[in-house]
Amino acid sequence: MKKVRVRFAPSPTGELHLGGARTALYDYLVARNLGGQFVLRIEDTDQERYVEGSMERFLADLDWLGLAPDEGPVQGGGFEPYIQSERLESHQKIAQELLEKGLAYYDFSTSAGSGGFEDEAYRAGRVIYRGEDRNLNLEVARERLANGETAVIRLKVPAGKIEFNDLVRGKVTFDLATVDDAVLLKSDGYPTYHLANVVDDYLMEISHVLRAEEWLPSTPKHLVLYDGLGWPRPEFAHLPLILATDKKKLSKRVHGEGVWIGTYRDQGYLPEAIVNYLALLGWNAGGDQEFFSLDELVAKFSLDRVHKAGAVFDPIKLDHFQNHYIKQLTVDDLAKRLEYFISSDLDRDLVRRVATVVQNRLVRLADFESSSHYFFELPEYEKEDLVFKKSTAESSLMGLDFAHQALFSLDEAGWQIEETLNSLLGEVRDHKNLTNGDLFWPIRVALTGQQKSPSPSECLWVLGKDESLKRLTLAKDKLGQ
RNA sequence: GGCCCCAUCGUCUAGUGGCCUAGGACAUCGCCCUCUCACGGCGAAAACGGGGGUUCAACUCCCCCUGGGGUCACCA
């Protein structure tokens, strides 16, 4: 059986986005599931769009997601180089072979940039591009080249129909009469995607080509190349697009930075949440299960369950996965992951206790410090805030007073256990004939200054005896004024 | 416009001819828990785009229509 080798081939022109990450994930899953290799190849043949540092960020993002490649520019792997611009010789050599075989031709007729492709022509439903020099004699062309003329090399699309079996879409057919003579080698000597991608996939022995559906229309060009060169075609799987709420392909230009993986990482999303949610955008295991670890995905993934229709990315649902995985974390792990997002001067024991009580409600790690600020600094609030809507200032003051007395008498051991604090407050309430609103509410506000917060006993536990009593005293003073 | 792809609740989806009175999840709305907010529990509302076939039987198969999307560069 043929070796399974799946590649992710991003272009270093920006940041890794949701769609790219999902493709990389499926690449990884297919490779792992079939016991093959996951290969990373950087497609940087467009010098103009190249962005410095982009490749490094791709690598970091993949790594963060847990999708580190088996082979690639960093780890090597036996099919070097993994950076496309370093494989120019192969591309140019194959271009010449194509010329010799009459599968491509030098095209002098098109000046750089316009290429003869005019919008109006397409709008009018006009024909496909066929270069004027299509049948120019190769020797003549080479002479003109030698005389200093410039030309591109174009694919000479043959007549007929071409079809292939897409692993997610089934049989797809194209009439080659509707396929343009695409540029294969630019006048600067660099290959276009169509040439480089095919050549490199062949040379790197790629068995499965997974890519987004937007590539479907150019597939016949690639097929013509494989067939013409006598190379075996890899398996193709065109993945459904990830859509924005407007049902259009997700793009930075119109949908903003929420398309970038880095945006989510910086906000404190967990990679396991992103991976899990992304996996489900276009695939499912067939049942009702929705939470999957990466290993489970590897075990259950298969291309024949990948959907054909595009899927809308819903950030609200991502939050659901995020919260789920946050709740799964041990406190130690949560504290560790929080480290990157919090101020260096915060007391780490305090951070750990805060993390314990806010874990259920936390979504973005980056929001941790600001949403829990009152634990780290003295809260500010108005006197009136201390009184529950169904209570009175007198009862609230009593509540604070009795609570202070009881808590003051509690030893340090008691303060270590939240449940002890909670039942102590319960006793105070019962013995002093207070309502929850008379007791718990003012304590919460005294401790946090907030209308919404973790329960009073949890806040007491977080803040500890000294700080808690201090805040209760402050509140009593404020209310007594 | 040409070519190609697609089509189940608002969204992600289950469904591979009878198990469907179309299931689950998110979101929404109720209720419970309750000192608040979350978490959690319970419940409600919510979909097979339309028309033809095929079949004893279509969400499931075929055709047409409609609708949506992608693509049409010396970018990938």
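What counts, and where the lines are drawn
- Residues numbered from 1 in each chain as written.
- Chains lettered and ligands numbered in written order.
- Predicted model: local features only at pLDDT ≥ 70, side-chain atom pairs only at ≥ 80, totals over all residues.
- Heavy atoms only, no water.
- Phe/Tyr/Trp six-rings, centres within 6.5 Å; stacked < 30°, edge-to-face > 60°.
- Helix = DSSP H or I, 4+ residues; strand = E, 2+ residues; numbered from the N terminus.
- Buried < 20%, exposed > 50% of the residue type's maximum accessible area, 1.4 Å probe, protein only.
- Lys NZ or Arg CZ within 6 Å of the ring centre and 35° of its normal.
- Core = buried A, V, L, I, M, F, W, Y, C linked by side-chain atoms within 4.5 Å.
- Domains from an automatic or database assignment.
- Contact = heavy atoms within 4.5 Å.
- Salt bridge = Lys/Arg side-chain N within 4 Å of Asp/Glu carboxyl O.
- Pairing = 2+ DSSP bridges.
- Axes fitted to C-alpha atoms, helices over the stretch in contact; angles between N-to-C directions.

Draft legend 1. Representation of the packing of aromatic side chains. Summed over all chains, the structure comprises 19 aromatic pairs. Taking the centre distance of 4.8 Å and the plane angle of 50 degrees together, the rings of Y26 and F301 count as tilted. Within this pair, whereas Y26 is found in helix α1 (residues 18-33), its partner F301 is found in the loop between α11 (294-300) and β11 (311-312), the two being separated by 275 residues in sequence. Judged by relative accessible area, F301 falls into the buried class, the value being 2%. Ring geometry for Y28 and F38: centres 5.9 Å apart, planes at 90 degrees, overall edge-to-face. You can see Y28 sitting in helix α1 and its partner F38 sitting in strand β2 (residues 37-40), a full 10 residues away along the chain. Neither Y28 nor F38 differs from the other in exposure class; each is buried. What links up through ring pairs into an aromatic cluster is the set Y264, Y269, Y277, F291, F313, F321 and Y325. The ring of F408 has K465 sitting right over it, with the charged end atom 5.8 Å from the ring centre. One cation-aromatic arrangement involves K478 over Y381; the distance from NZ or CZ to the ring centre is 4.3 Å.

Draft legend 2. Molecular detail of the nonpolar core. Membership of the largest hydrophobic core comes to 102 residues, with the highest contact counts inside it found for Y26, L278, F313, F368 and L407. Mapping this core onto the domain boundaries places at least three of its residues in each of domain 1 (330-368) and domain 2 (378-480). Residues within four places of L407 in sequence aside, it is in contact with W415, L421, L424, L425, L460, K465, L469 and L472.

Draft legend 3. Geometry of unusual backbone geometry. The residue after E80, namely P81, is reached through a cis peptide bond having omega -10 degrees. The phi dihedral of E205 falls on the positive side, at around 55 degrees, and the residue is not glycine. Despite not being glycine, N433 shows a phi value in the positive range, around 60 degrees. Relative to the helices and strands, N433 resides in the loop between α19 (418-431) and α20 (436-448).

Draft legend 4. Structural view of the pattern of salt bridges. Enumeration over the complete set of coordinates arrives at 33 salt bridges. Where D61 meets R265, a salt bridge forms, and the shortest distance between an N and an O atom there is 2.2 Å. Residue D61 is located in helix α2 (residues 54-65), and its partner R265 is located in helix α9 (residues 261-267); the two are separated by 204 residues in the primary sequence. Taking the shortest distance from any N to any O, the salt bridge between D333 and R337 comes out at 3.4 Å. Placement of the pair is D333 and R337 together in helix α13 (residues 331-338), with a separation of four residues, close to one helical turn. A relative accessible area of 23% places R337 in the partly exposed class. Look at the salt bridges and you will find they share partners, linking R7, R41, E43, R87, D200 and D201 into a network.

Draft legend 5. The sheet that holds strand β3 (residues 104-107), seen in detail. As summarised here, the arrangement of the three strands in space is β3-β4-β7, forming an open sheet in which the pairing is antiparallel. Of all the strands in the sheet, the pair left with one neighbour each is β3 and β7 (183-185). Averaged over all pairs of adjacent strands, the angle between strand axes in this sheet comes to 45 degrees, irrespective of strand direction. Pairing of β3 with strand β4 (residues 152-155) involves four bridges; the strand directions are antiparallel. Each residue of the ladder has a partner; that of D107, found in β4, is V152.

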